[in-house]
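Summary of structural features
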Amino acid sequence: MDFLNAVFEEIMNFMGFTSILEALKTENYAFFKSFDGIMSCVFLALPILLFVEFFIVFFREREQLKTYKVNFFIIVFNRVIGRILSLGTIVWCIGFFQEYAPFQTSYTWYWFIYGYVVWELGSFIYHYFGHKVRLLWCLHSPHHAAETMNLSVNHAHFFLEFPYADFIRTATCILLGVDPKLFFSILLLDITYATFIHVGEHVLPKGRLGFLGKLILTPSHHRVHHGRNPLYMDTNFCNLLNIWDRVFGTYQDEEDHLPIQYGITREMDSGSFFDVYFGEFKALYKDVVSAPGLKNKILYVFMPPGWCYTGEHQTARIVRKRFLNQDSK
């Protein structure tokens, strides 16, 4: 019992709940204006939002509960192995790449802005290739399998995606001079915002955040990213700043006349943990086995999803281009 109490206390301290209670007890309301106070409140708000979403779905649209069930199993499956690999990757990248950086930033507000732009570049690179390389798509596809949007979707990833993503993002930041302390602050903020942009329509129906939608990527933009509609496929790869999506031509607003269809294009059972988690690997294996010649087998692994050795490609780029051409007629 003492051990459980100690674990509970550590969790409370880590999430900032203890600090909030202490500030309320002592009437130290200035705490809530500080960075630590704001982040503690955010950490408290996100799990509350998750429970609010869950209960709304439970009482109104119970057929959507399968998304929570599958994502819960994924969270349990990933938590230990994925996080240990991820943390180890980050630490190794900092130690290995820092000496090759041409300059070093410091922990200041203007370098924070620079660091976040660089972080978003690293995020864009990993996320883009997660959609454009078939093997990497196998790692990323569990995140897109849900046919509804809610906060639990943020935690649905294949466990090996964590070290791959963190290698790209950390190496990019460290090689471009981002100070490690600055890097971890950006990482914390990004994890928080990345959770928020998965909030569902049950809690935030429009998700466009008013004028902010012109400056940053909102829940509406990220819902577009999760859409399997031809217009929405492979767009909005960034989390917060839309600069790199605009630079590389992958920015897309949500269209009022085109409701988002969530999920992936492969026929699948989104309520099955095994189909969500391993289904793309199984599909890739079948394509590799049936492809004639070593070259075609290798191409199936590294070409985009939808590539076919016969030339009858159904990649996202081709499907989206075809849709845009038809729409313009």
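This one's a predicted model, so the numbers in the text were calculated from it and none came from an experiment. (Residues numbered from 1 in each chain as written. Predicted model: local features only at pLDDT ≥ 70, side-chain atom pairs only at ≥ 80, totals over all residues. Heavy atoms only, no water.)

1. Quick look at a nonpolar patch on the surface
Side chains of W92, F96, Y100, F167, L175 and L176 sit close together on the surface and give an oily, nonpolar patch of about 560 Å² of accessible area. Elements with a minimum of two residues in the nonpolar patch: helix 4 (65-97) and helix 7 (161-175). When you line up the elements, L176 lands in the loop between helix 7 and helix 8 (180-196). Of the residues examined, L176 reaches a relative accessible area of 32% and is grouped as partly exposed. (Patch = residues over 30% accessible without salt bridge, like charges linked within 9 Å, V, L, I, M, F, W, Y side chains within 5 Å. Areas by Shrake-Rupley, 256 points an atom, 1.4 Å probe, with all protein chains shown as cover. Salt bridge = Lys/Arg side-chain N within 4 Å of Asp/Glu carboxyl O. Helix = DSSP H or I, 4+ residues; strand = E, 2+ residues; numbered from the N terminus. Buried < 20%, exposed > 50% of the residue type's maximum accessible area, 1.4 Å probe, protein only.)

2. Here we look at the nonpolar core
Within the largest apolar cluster, 19 residues are counted, with the highest numbers of intra-cluster contacts made by W119, C173, V178 and F183. Listed by contribution, the elements that provide at least two residues to this core are helix 4, helix 5 (109-132), helix 7 and helix 8. Here this core takes five residues from helix 8, the largest share from any one element. Apart from residues lying up to four places away in sequence, F183 is in contact with I90, I94, W119, R169, T170, C173 and V178. (Core = buried A, V, L, I, M, F, W, Y, C linked by side-chain atoms within 4.5 Å. Contact = heavy atoms within 4.5 Å.)

3. Digging into the pattern of salt bridges
Within the structure shown, the criterion is met by seven salt bridges. Between K181 and D179 there is a salt bridge; the shortest N-O distance is 3.6 Å. Residue classification places D179 among the buried positions, given a relative accessible area of 12%. In this structure, R266 engages D275 in a salt bridge whose closest nitrogen and oxygen atoms are separated by 3.1 Å. R266 gets classed as partly exposed once you look at its relative accessible area, which sits at 21%. Among the charged side chains, a network of salt bridges with common partners joins R266, D275 and E280.

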